[in-house]
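# Observations on chain architecture
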Amino acid sequence: MQTDTIDFSAARKAMIDSQLRTSGVNEPFVLARMAAVARENFVPASARAVAYIDRAIPLDNGRRLAAPLFYGMVLAEAKPTAQDRALVVDSGAGYLAELLRPLVASVEVIAPDDAVAATRKKGDFTLLAIDGAVEALPAALVRRLDPSARVVTGLVTGGVTRLAIGRRSGDEVALLPLAEIGIPRLGEFDQPKGWSF
């Protein structure tokens, strides 16, 4: 399929009107960012023609770029401010970081394996956004956050993925599941399997 004749601006508008607005994502700043960032630039060349479909798109690194609705909901729930220092756990596409970049003071991007690696590094990030669904947040990642940091992520519970929000409290983040939505899972965040009865 030839992509040089596709009007991606029309596809972005259709995504906003038929995927975001109809699902309750209507915040002007979210719609503006989703309209401004060319999603087709964050998928493999072979997937550019379907960059705006309402499902995840395979990436060349074996991961998946989530459906547009996930990113719209993440931005809406994150409520980014110009003072935020954002930490983005990226699936490899860079799309979420690009959506956030002009809305916050700074963005640092790390890979999932860096996010779960044991470290004593402490940080002062006020916003953590994870591009994927996790079973749990490791203590090493939580330590990188400001004591009252906000978190927006996908959450895997019993094999079901949901968008979740939370805040750091002490050495943990309490997550509140919000909406069931298909979100690519980040296996690095899986909890060790044990016996259960």
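This report concerns the structure included in the present document. Please read these numbers as outputs of a predicted model, since none were measured by experiment.

Let's shift gears to the overall build of the protein chain. Across its full length, the protein chain holds 6 helices and 8 strands. For the protein chain, the α and β elements follow one another from N to C terminus as α-α-β-β-α-β-α-β-α-β-α-β-β-β. The globule rule puts the C-alpha radius of gyration for 197 residues at 16 Å, and the 17 Å found for the protein chain is close to it. With respect to the principal axes defined by its C-alpha atoms, the protein chain has extents near 50 × 40 × 30 Å. The burial tally for the protein chain puts 48% of its 197 residues in the buried class.

Among the 11 residues of helix α3 (residues 68–78), 10 are classified as buried, and the element is accordingly described as predominantly covered. Taken as a whole, α3 has its buried residues at Pro68, Leu69, Phe70, Tyr71, Gly72, Met73, Val74, Leu75, Ala76 and Ala78. Of the residues flanking the end of α3, it is lysine 79, one or two places downstream, whose phi is positive at about 45°.

Attention now goes to the pattern of salt bridges. Throughout the structure, instances matching the rule amount to 13 salt bridges. Aspartate 17 is the partner of lysine 13 in a salt bridge, and the nearest nitrogen-oxygen pair spans 2.6 Å. Placement of both lysine 13 and aspartate 17 in helix α1 (residues 8–20) is noted, with a separation of 4 residues, approximately one turn of the helix. With relative accessibility at 32%, the residue aspartate 17 sits in the partly exposed group.

Ranked by size, the top nonpolar core spans 45 residues in total, and within it Met34, Phe70, Tyr71, Tyr95 and Leu100 carry the most contacts. Elements with a minimum of two residues in this core: α1, α2 (28–36), α3, β3 (85–89), α4 (95–100), β5 (125–134) and β6 (145–157). With 8 residues, the top contributor of residues to this core is α3. Among the nonpolar cores identified, the runner-up in size contains 17 residues, and Ala115, Val134, Leu137 and Val151 belong to it.

Time to look at the environment of valine 151. Mapped onto the secondary structure, valine 151 falls in strand β6. Look at valine 151 and you get buried, because its relative accessible area is 1%. Ignoring anything within four residues of it in the chain, the contact list for valine 151 reads Leu128, Leu137, Leu145, Ala164, Ile165, Gly166, Val173 and Leu175.

Even without a glycine there, the phi angle at lysine 79 is positive, about 45°. In this fold, lysine 79 is placed in the loop between α3 and β3.

Relative to each other, α1 and α2 sit at 145°, their axes nearing to 9 Å. Crossing geometry of α1 relative to α2 is assigned as right-handed. Every residue of α2 that contacts α1 at Arg12, Met15, Ile16 and Leu20 is listed here: Leu31, Met34 and Ala35.

Definitions and limits used
- Residues numbered from 1 in each chain as written.
- Predicted model: local features only at pLDDT ≥ 70, side-chain atom pairs only at ≥ 80, totals over all residues.
- Heavy atoms only, no water.
- Helix = DSSP H or I, 4+ residues; strand = E, 2+ residues; numbered from the N terminus.
- Rg over C-alpha atoms; globule rule 2.2 N^0.38 Å.
- Buried < 20%, exposed > 50% of the residue type's maximum accessible area, 1.4 Å probe, protein only.
- Salt bridge = Lys/Arg side-chain N within 4 Å of Asp/Glu carboxyl O.
- Core = buried A, V, L, I, M, F, W, Y, C linked by side-chain atoms within 4.5 Å.
- Contact = heavy atoms within 4.5 Å.
- Axes fitted to C-alpha atoms, helices over the stretch in contact; angles between N-to-C directions.
- Left-handed = near helix turned anticlockwise from the far one by under 90°.

What is shown is where atoms sit, not what they do.
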